[in-house]
Amino acid sequence: QEGNYIFVWTCIYQFEGGTVENKRGTAGALAAAGDQVHVWCPPAQGETRKVDGVVAHRDLGEFSRSDLRRVDQMLDQFAGPRRLLVQWVPHGFGQRAMNVSFCWWLWRRGRRGRRGRRASRRGDRVELMVHEPFLEFKRRSWRQNAVALVHRLMTIILLRAASRVWISIPAWEEYWRPYALGRKLRFNWLPVVSNIPVVNDPEAIRAVRSQYVSTEGSIVGHFGAYDRDNIELLFASVSPLVDNGSKHVLLLLGKGGERVRDKFIDLHPEMKERVHATGALDAVDLSLHLGACDVMLQPYADGVSSRRGGTMAALAHGLPVITTSGRLTEPLWAESGAVAIVPVDDVVGVAAATSRLLPDVHARSIMGRSAKALYAERFDVQVIIRALRG
């Protein structure tokens, strides 16, 4: 496909506790396919990990108007047509999650048809990757409602700028399409990929396991962002599994897990030896810790969906996953047979499904193979690249 890919991401950040550059795999895969790829992001500590064919620019600053003017000049050094792919999370661009100026800047770069406008002369193509749409309105919370209102204004501007909208889950189209105000736009599903490369090192995995359990014990893993609603669901689901005297342990992977472990132990001090947290890990150690888990317990208050990076990492590693279905869950999860899925309000059912699966090595093996096959078929980075370049 002709033209350049110019990536404008929110940032390069710690991905769910692992020091992994956001979308590094996607950018690298596009470059390997022959595209010119540049990633713009705010400043960050340390050196940017090198990826063949990808140039990182830490020039977005705080997404202020002066920062955007500077990036304007840098982008204009590239011949059109430029393709700007913007990872959208409304709280990712500063200004207390209300950066209307950034949306306006994208609209200006993607605007068409007005003579003399730079964007119309130079042919920028703005595409949005919607990971999160906007804040919900909430009763008796005027501050959140004010921000939610601004988010919808930002959405209207963004949809005027965009030539295409990619969505991490199909439900986001229902959320966003009304704000296109009748404008015909293509919404395409683009699931989140795992950014944790699989490390196949059985000896190293056994060494990790020995840190937490004996040969008779089992490890129930969890990898996620540790937001409040999901933590409460995890606590309720896991308590019967790691009660005093159990051979099972809970292993919380990634950044934020320490805080959750401490809270859990405060509530259940008798389970102190059964709950562990790794803290932030590099990609290799994170993969080894994933490989050490017998099952992954991934409950979500709104249901599992293709925007959940923790579950994607588990599938890519061929791990059996116990999760929940909710309002945002796509049909493919129940249809695939690759995960054990329980209604979100059935906490007892989540614990029971995990208890049944842990001792059944054969069932875990079948589910693990199905998980890996589902990931390869629907979520692998090459599937994403074919969609982007199609």
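Here the structure is a predicted model, which is why all the values come from computation and not from measurement.

Colleague: When you look at the overall build of the protein chain in this model, what are you seeing that I'm missing?
Modeller: A tally of regular secondary structure across the protein chain gives 15 helices and 13 strands. Residues classed as buried in the protein chain amount to 54% of the 390 residues present. If you sum the accessible surface of the protein chain, you get close to 17900 Å²; carbon and sulfur atoms cover 51% of it.

Colleague: Got a minute to help me understand helix α5 (residues 142-161) in this structure?
Modeller: For an α-helix, the turn length of 3.6 residues means that residues three or four places apart are oriented alike. Between the first and last C-alpha of α5 there are 29 Å, a value that for 20 residues agrees with the 28 Å anticipated at 1.5 Å per step. For α5, every residue scored as buried is listed here: V147, A148, H151, R152, M154, T155, I157, L158, L159 and A161. The elements touched by buried residues of α5 are β4 (82-88), α3 (100-110), β5 (125-130), β6 (164-167), α6 (171-176) and β7 (187-189).

Colleague: Hey, could you run me through the packing of aromatic side chains in this one?
Modeller: What describes a pair of aromatic rings is the distance from one ring centre to the other and the angle between the planes of the rings. Applying the stated criterion to the full structure yields 13 aromatic pairs. Summarising the aromatic geometry, the rings of W88 and F93 are spaced 5.0 Å apart at their centres and angled 15° between planes, so their arrangement reads as stacked. A connected cluster of aromatic rings, assembled from ring pairs, spans F63, W88, F93, F102 and W105. If you follow R152 out to its NZ or CZ, it ends over the ring of F134, 4.0 Å from the centre.

Colleague: Quick question: what am I supposed to make of the pattern of salt bridges here?
Modeller: Where side chains of opposite charge bring their charged atoms close, a pairing between them can arise. The final tally for this structure, using the stated rule, is 17 salt bridges. Residue R261 is joined to D262 by a salt bridge in which the shortest nitrogen-to-oxygen separation is 3.1 Å. Taking the relative accessible area as the measure of exposure, R261 reaches 23% and is therefore partly exposed. What you see here is one network of salt bridges that share partners, running through D72, D76, R82, R108, R109 and D124.

Reading the values: the criteria
Throughout this description, residue numbers start from 1 for each chain and increase along the sequence as written. It should be noted that, the model being predicted, local features are given only for residues of pLDDT at least 70 and side-chain atom pairs only at 80 or more, the latter also being counted only at that level, while totals for whole chains, interfaces and linings use all residues. Calculation of side-chain values draws on the structure's entire complement of heavy atoms; hydrogens and water are dropped beforehand. Secondary structure counts use DSSP, requiring at least four H or I residues in a row for a helix and at least two E residues in a row for a strand, with both numbered from the N terminus. Exposure categories follow from relative accessible area, calculated using a 1.4 Å probe and restricted to protein chains: below 20% of the type maximum is buried, above 50% is exposed, and the middle band is partly exposed. Reported accessibility uses the Shrake-Rupley method at a 1.4 Å probe radius. Residues are deemed covered only where the shown protein chains occlude them. Working rule for helices: expected span equals 1.5 Å times residues minus one. Only heavy atoms enter the contact rule, under which two residues are in contact if any of them lie within 4.5 Å. Only Phe, Tyr and Trp rings take part, Trp by its six-membered ring, and two of them pair if their centres are within 6.5 Å. Stacked means planes under 30 degrees apart, edge-to-face means over 60, and tilted covers everything else. Only when the NZ of Lys or the CZ of Arg is both within 6 Å of the ring centre and within 35 degrees of the ring normal is a charge said to sit over the ring. Salt bridges are counted wherever a side-chain nitrogen of Lys or Arg sits within 4 Å of a carboxyl oxygen of Asp or Glu.

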